[in-house]
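A structural walkthrough
Below, each chain spelled out in residue letters.
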Amino acid sequence: MFIHQSYAYAMLRPLQQAIRAHGGEVCWFLATDEVDPGFLASDERRLMSIDEVRAWQPHAVLVPGNVVPSFIPGIKVGVFHGFNSGKINSRGREDHFEIRGCFDLYCTQGPNTTAPFVELAKQHGFFDVVETGWANLDPLFTPCADNPYLDGNDSRPTLLFCSTFSQKYSCAKKLVPELEALRDSGKWRILVQFHPKMEQAVIDTYKGMQNDNLTFVETDNVIPLLQAADLMLCDTSSMLLMFLLQQKPVVTFNTQTPQPHLLNVTEPEQIAEALELAHSRPAELMAAIEAFSNQLHPYRDGRSTERVLVAVNTLIESGLGHLKAKPLNLIRRFKQRKSLGYWRW
């Protein structure tokens, strides 16, 4: 398990559980200082260096991120750290579909991501694509015992406010007065959760807003949060897509990609009314959410983990002989060696 952020722990643990159940072994490599080793469980083994990773000789490297070094053994499997939220990168392309020449296999989440990746595989020839569903979501379709974000003594609807860290797309700064007003109205039980890269000043602002109506949450596992909330307020964070899969409505503020399955508003003063409408679950909106979910991630059986393992094992057994060689990517390889301090050949 090759991870760059602490949220990847929860994403990969369903896969770890399944691998262990099949008699396999799992080790973790924390690729950046942004990963908190304190989230490792007592029974989870951490490899402390690239030398240790190479000595362990993994059959497969599972990556919920965009890059992985070529000098690590094993087939490289992209399992994604989120859905395609429509964000455009500096090259003017959708970042979700940016091919960086690192992976042998992409395990895609649903039809609307599988089709573009299949076309990219035909174009590049150095990776396979298998639609498996997103293993990270298996727990989403399983009731969470003792969910810490539920309050049986509070009958108010629960609103989850999430925002991406990108200053270009984030609504967190802009909506401070509106969140204060929603808090003070007392109509909602509000949970706030941000991307771990969110600006610290913004985090501190929302922490300072906490009272009986609003709670700021820091966690490496957002699934219980998604299950606990009745509706969401968001911008372009891919968290909103996970939320929609539960057939729950989302109000967005100036989202980059407004669609029928979202209630998008463009002015802060429209938010309170939009939340009331979303909470009423209008039929047209809910039908749009259902149609969108079937394209995004049609798997609600909680068995995407097993499909990922079948795809990985199939490629391990068949080998990579049917694939073209990956591009040299000399600049990226140099940067990876520099960031990890590894210069052996």
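Look up: the structure comes first, before these words.
Residues numbered from 1 in each chain as written. Predicted model: local features only at pLDDT ≥ 70, side-chain atom pairs only at ≥ 80, totals over all residues. Heavy atoms only, no water.

Regarding its fold elements, the protein presents 11 helices and 13 strands. The C-alpha radius of gyration of the protein comes to 21 Å, within 12% of the 20 Å expected for a compact globule of 345 residues. Each principal axis of the C-alpha atoms in the protein carries an extent, and together these give about 60 × 40 × 40 Å. Relative to its full complement of 345 residues, the protein shows a buried share of 52%. Working note: accessible area of the protein is about 16,100 Å², and carbon and sulfur atoms make up 51% of it. Counting 33 positive and 38 negative side-chain charges, the protein places the centres of these two groups 9 Å from one another. (Helix = DSSP H or I, 4+ residues; strand = E, 2+ residues; numbered from the N terminus. Rg over C-alpha atoms; globule rule 2.2 N^0.38 Å. Buried < 20%, exposed > 50% of the residue type's maximum accessible area, 1.4 Å probe, protein only. Areas by Shrake-Rupley, 256 points an atom, 1.4 Å probe, with all protein chains shown as cover. Lys, Arg positive; Asp, Glu negative; His and termini not counted. Charge placed at Lys NZ, Arg CZ, Asp CG, Glu CD.)

With that settled, consider the pairing of strand β5 (residues 75-78). Side chains Ile75 and Val77 project from β5 onto one buried face, and the interleaved Lys76 and Gly78 project onto a second face that is buried too. Relative to β5, strand β4 (residues 60-63) runs parallel, the two sharing four bridges. Of the residues in β5, the one forming a bridge with alanine 60 is isoleucine 75. In this sheet, strand β6 (residues 105-108) lies alongside β5 in parallel orientation, the contact comprising two bridges. Bridging from a neighbouring strand, glycine 78 pairs with tyrosine 106 of β6. (Pairing = 2+ DSSP bridges.)

What follows covers the pattern of salt bridges. Inspection of the entire model under this criterion finds 14 salt bridges. Notably, a salt bridge pairs arginine 20 with aspartate 43, separated by 3.1 Å at the nearest N-O pair. Highlighted residues: arginine 20 in helix α1 (residues 8-21) and aspartate 43 in the loop between β2 (27-30) and β3 (45-46), separated in sequence by 23 residues. Between aspartate 184 and arginine 183 there is a salt bridge, with its nearest N and O atoms 2.8 Å apart. Given a relative accessible area of 14%, arginine 183 falls into the buried group. (Salt bridge = Lys/Arg side-chain N within 4 Å of Asp/Glu carboxyl O.)

It is worth spelling out the pairing of strand β9 (residues 189-194) at this point. Here β9 lies mainly inside the structure; six of its six residues are buried. Side-chain alternation along β9 places Arg189, Leu191 and Gln193 on one buried face and Ile190, Val192 and Phe194 on a second face that is also buried. In this structure, strand β8 (residues 158-163) lies alongside β9, joined through six bridges in parallel fashion. Within β9, the residue paired with leucine 159 across the bridge is isoleucine 190. Handedness of the crossover joining β8 and β9 through helix α4 (residues 176-185): right-handed. Both β9 and strand β10 (residues 214-216) contribute to a ladder of three bridges, which runs parallel. (Right-handed = clockwise from strand over helix to strand, strands pointing away.)

The next subject is the state of the cysteines. For the structure on display, the rule yields zero disulfides. Here cysteine 144 is not cross-linked by a disulfide; its sulfur's nearest cysteine counterpart is in cysteine 162, at 16 Å. (Disulfide = S-S within 2.5 Å.)

What follows deals with the sheet that holds β2. Within a sheet, neighbouring strands are paired by backbone hydrogen bonds and run either parallel or antiparallel to one another. Across the sheet, three strands lie side by side as β1-β2-β3; this open sheet has parallel pairing. With partners counted over all chains shown, the strands left at the sheet margins are β1 (2-3) and β3, one partner each. The sheet contact formed by β1 and β2 spans two bridges and is parallel. Residue phenylalanine 2 lies in a different strand from β2, and its bridge partner there is phenylalanine 29.

Let's shift gears to the environment of serine 280. In this fold, serine 280 is placed in the loop between α8 (271-279) and α9 (283-296). For serine 280, a relative accessible area of 49% gives the class partly exposed. When the C-alpha positions of serine 280 and arginine 332 are compared, they lie 49 Å apart, and in sequence the two are 52 residues distant. Side-chain polar atoms of serine 280 contact the backbone oxygen of leucine 277, separated by 2.5 Å. (Polar contact = N/O pair within 3.5 Å; in protein donor to acceptor, adjacent residues only side chain to side chain.)

Keep in mind these values describe shape, not function.
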